[in-house]
Amino acid sequence: MKTVQELHNKSMDNAEKALLHRMNGNEKEANKLFQKALFYEKQAIILLEKERIVEPTFSILHRSAATLALDCNAIREAEQLVTKALSFEPPYEIAEELRDLLEQIYFKRHLELRGVSLEDDELQMSLAGRGVGYGIVESKEFLTRIEGASKIVYRIAERRQKKPYRDSGGLKKGFKQNYEVFLSVPRAASFAVTLKIGKPKDQQDLPGFTGTKEIIDEFLFLMNALEESRVEDIRNKIQDEAYFTNFINLSKKIAPDGENISMVGFTSKRGREVKPTTMTKSRKEIVRIATTTEISSTHIAEALTPVEVKGYLRFADATSEKKGLIKVVNEETQESFDIKVPEGMMEDIVKPMWNSFVIVNGLQTGRYIILGDIIEAKEIDFNPDEYR
């Protein structure tokens with residue numbers, strides 16, 4: 001007879017193989033292996049209950065089984081496993097992890113298309129967290145993420161049509177109309193809306209038109225790769241450095257803040273198959289897993305020092321001899337800082353912050369600061385540790 005540890009190890013072996021298959025796009029085989037992993041983990045739980053319930057093993061096995069049930073899309077079973085573990089007395093840290101997992105389970109329920117019919121050119125976006133009420137959310141939390149998602153859609157369309165990266169000027173009218181993003185009326189619970197990507201029926205396609213279905217599929221692929229820290233897969237998909245930098249920084253605008261918004265979800269539908277992607281990585285985590293600062297070979301020889309400055313963005317120029325430069329002014333000390341903006345950040349990331357109070361992190365050279373990250377913040381009660 002197998003022991004609890006042996007059954008758990010067998011479960012983890014199958015789960016590891018399942019993850020590899022899922023990363024390689026072999027979803028059918030991944031699902032089979034996740035089902036096997038869940039079976040062995042549940043057998044370990046049964047055996048432990050027969051012998052003697054021991055903490056923290058009991059709650060750890062339930063947490064693991066619930067995660068596997070979520071991987072199998074067995075949402076109700078995952079919920080039952082977590083609540084069963086919480087009904088006992090798990091250690092505080094594990095209890096918190098179980099509560100976080102329960103929040104993910106409930107959010108995955110919100111991602112389901114209950115009573116909602118999506119077309120190939122539509123995507124559902126859902127928000128969850130303490131800042132989300134029953135069908136209500138602070139406007140900035142919602143609009144910032146809609147804006148970020150819309151810009152990623154436009155950039156995917158431009159790149160797929162092999163257009164050079166556009167770091168100044170808006171979208172051409174015809175191009176924007178072909179890939180316009182429309183919104184449905186917000187739905188209740190986790191605050192969900194449908195994003196429709198397309199054009200009026202009587203409008204002609206642009207030359208080299210890229211189907212909106214392909215754009216949505218790539219959007220979900222990139223978001224899923226970012227959530228799983230597969231930066232190399234993103235680089236393989238987005239080989240142009242400016243487009244890559246742009247995607248990473250727009251993703252920061254969509255990412256949960258860990259406070260008001262704990263999760264952002266996207267769902268599409270292909271025939272009978274529903275494809276959900278959940279984004280739980282915070283802005284800080286995205287900063288850590290992806291390097292967005294462009295450092296040329298001429299800079300490498302210089303002594304580069306990490307710096308952080310704060311002040312008002314008073315100057316942003318992407319033209320002439322000052323291309324790619326911004327100036328941040330600290331009005332208290334009267335200091336001003338010249339900052340070099342890498343290609344991919346000026347139009348979509350930096351310019352919208354004009355005249356705002358910003359925090360800049362970058363690398364100091366003899367002439368200027370090379371921008372690594374920039375966020376808009378309130379001048380009062382600023383805590384720099386929140387943005388590192």
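Residues numbered from 1 in each chain as written. Predicted model: local features only at pLDDT ≥ 70, side-chain atom pairs only at ≥ 80, totals over all residues. Heavy atoms only, no water.

1. Side note on the packing of aromatic side chains
- All told, the structure shown has five aromatic pairs when counted by the stated rule.
- With a centroid separation of 5.5 Å and an interplanar angle of 70°, the aromatic rings of Phe-39 and Tyr-40 are classed as edge-to-face.
- Judged by relative accessible area, Phe-39 falls into the partly exposed class, the value being 46%.
- With centroids separated by 4.9 Å and ring planes inclined at 80°, the aromatic side chains of Phe-219 and Phe-266 adopt a geometry described as edge-to-face. One end of the pair, Phe-219, is in helix H8 (residues 212-227); the other, Phe-266, is in strand S6 (residues 263-270), and 47 residues separate them in sequence.
- Sitting over the ring of Phe-244, Arg-235 keeps its end group 3.8 Å from the ring centre. (Phe/Tyr/Trp six-rings, centres within 6.5 Å; stacked < 30°, edge-to-face > 60°. Buried < 20%, exposed > 50% of the residue type's maximum accessible area, 1.4 Å probe, protein only. Helix = DSSP H or I, 4+ residues; strand = E, 2+ residues; numbered from the N terminus. Lys NZ or Arg CZ within 6 Å of the ring centre and 35° of its normal.)

2. So, a positive patch on the surface
- Together, Lys-2, Lys-10, Lys-17 and Lys-36 make up a region of like positive charge exposed at the surface.
- Exposure remark for Lys-36: the relative accessible area of 44% places this residue in the partly exposed category. (Patch = residues over 30% accessible without salt bridge, like charges linked within 9 Å, V, L, I, M, F, W, Y side chains within 5 Å. Areas by Shrake-Rupley, 256 points an atom, 1.4 Å probe, with all protein chains shown as cover. Salt bridge = Lys/Arg side-chain N within 4 Å of Asp/Glu carboxyl O. Lys, Arg positive; Asp, Glu negative; His and termini not counted. Charge placed at Lys NZ, Arg CZ, Asp CG, Glu CD.)

3. Notes on the packing of helix H1 (residues 4-23) against helix H2 (residues 27-51)
- Taken N-terminus to C-terminus, the directions of H1 and H2 make an angle of 165°; their axes are 8 Å apart at the nearest point. Our classification of the angle between H1 and H2 gives roughly antiparallel. Between H1 and H2 the crossing geometry is left-handed.
- Looking at the contact of H1 with H2 residue by residue, the class counts come to 14 nonpolar, six polar and eight charged. (Axes fitted to C-alpha atoms, helices over the stretch in contact; angles between N-to-C directions. Parallel < 35°, antiparallel > 145°, perpendicular 65-115°, else oblique. Left-handed = near helix turned anticlockwise from the far one by under 90°. Nonpolar A, V, L, I, M, F, W, Y, C, P; charged D, E, K, R; others polar.)

4. Considering H2
- Between the first and last C-alpha of H2 there are 36 Å, a value that for 25 residues agrees with the 36 Å anticipated at 1.5 Å per step.
- Buried residues belonging to H2 abut H1, helix H3 (57-71) and helix H4 (75-86). (Expected span 1.5 Å × (residues − 1). Contact = heavy atoms within 4.5 Å.)

5. Things to note about the sheet that holds S6
- One open sheet holds the five strands; their spatial order is S4-S5-S1-S6-S7, and the pairing between them is antiparallel. For this open sheet the edge positions go to strand S4 (180-183) and strand S7 (273-279), each flanked by a neighbour on one side alone. Pairwise comparison of adjacent strand axes, ignoring direction, gives a mean angle of 25° for this sheet.
- Both S4 and strand S5 (residues 192-198) contribute to a ladder of four bridges, which runs antiparallel. Bridge assignment links Glu-180 to a residue of S5, and that residue is Gly-198. (Pairing = 2+ DSSP bridges.)

6. Points about the packing of helix H6 (residues 139-160) against helix H10 (residues 241-254)
- Close contact between H6 and H10 brings their axes to 8 Å; oriented N to C, the two are set at 160°. By the criterion of interaxial angle, the relationship of H6 to H10 is roughly antiparallel. For the element pair H6 and H10, the recorded crossing hand is left-handed. Between H6, through Thr-144, Arg-145, Glu-147, Gly-148, Ala-149, Lys-151, Ile-152, Arg-155, Glu-158 and Arg-159, and H10, the contact on the second element is made entirely by Tyr-243, Asn-246, Phe-247, Leu-250, Ser-251, Lys-253 and Ile-254.
- Classifying every residue of the contact of H6 with H10 by side-chain character gives six nonpolar, four polar and seven charged.

7. Describing the layout of surface pockets
- There is about 1,600 Å³ of room inside the largest pocket.
- Taken together, 42 residues make up the lining of the largest pocket; nearest its centre are Arg-22, Lys-108, Asn-224, Glu-228 and Pro-276.
- Those elements that place two or more of their residues in the lining of the largest pocket are H1, H2, H3, helix H5 (92-111), H8 and S7.
- Its residues placed into classes, the lining of the largest pocket shows 16 nonpolar, 13 polar and 13 charged. (1 Å grid on protein atoms, 1.4 Å probe; cavity = no way out; pocket = protein on both sides within 12 Å on 5 of 7 lines; lining within 4 Å. Points joined across faces, edges and corners; volume = space filled by probe spheres on them.)

8. Points about the pairing of strand S12 (residues 369-376)
- Most of S12 sits out of view: seven of its eight residues are buried.
- Across two bridges, the pairing between strand S10 (residues 335-340) and S12 is parallel. Opposite Ile-339, over in S12, you have Ile-369 as the bridge partner.
- As judged from the seven bridges shared by strand S11 (residues 357-364) and S12, these two strands associate in the antiparallel manner. If you follow Gln-364 over to S12, its bridge partner there is Ile-369.
- Between S11 and S12, which pair antiparallel and follow one another directly, the connecting turn spans four residues.

9. Quick look at the side chain of Glu-227
- Within the secondary structure layout, Glu-227 lies in helix H8.
- The side chain of Glu-227 is buried and forms no salt bridge, while Lys-281, the nearest opposite charge, is found at 5.0 Å.
- Residues in contact with Glu-227, not counting those within four places in the same chain, are Thr-278, Met-279, Thr-280 and Lys-281.

10. Some remarks on the nonpolar core
- Grouped together as the largest cluster of nonpolar side chains are 61 residues, with contacts concentrated most on Met-125, Leu-127, Phe-219, Phe-266, Ile-339, Val-350 and Ile-374.
- In contact with Phe-219, other than residues within four places in its own chain, are Leu-123, Ala-149, Ile-152, Val-153, Ile-156 and Phe-266.
- Residues Leu-7, Ile-45, Phe-58 and Ile-105 belong to the second largest nonpolar core, which totals 31 residues. (Core = buried A, V, L, I, M, F, W, Y, C linked by side-chain atoms within 4.5 Å.)

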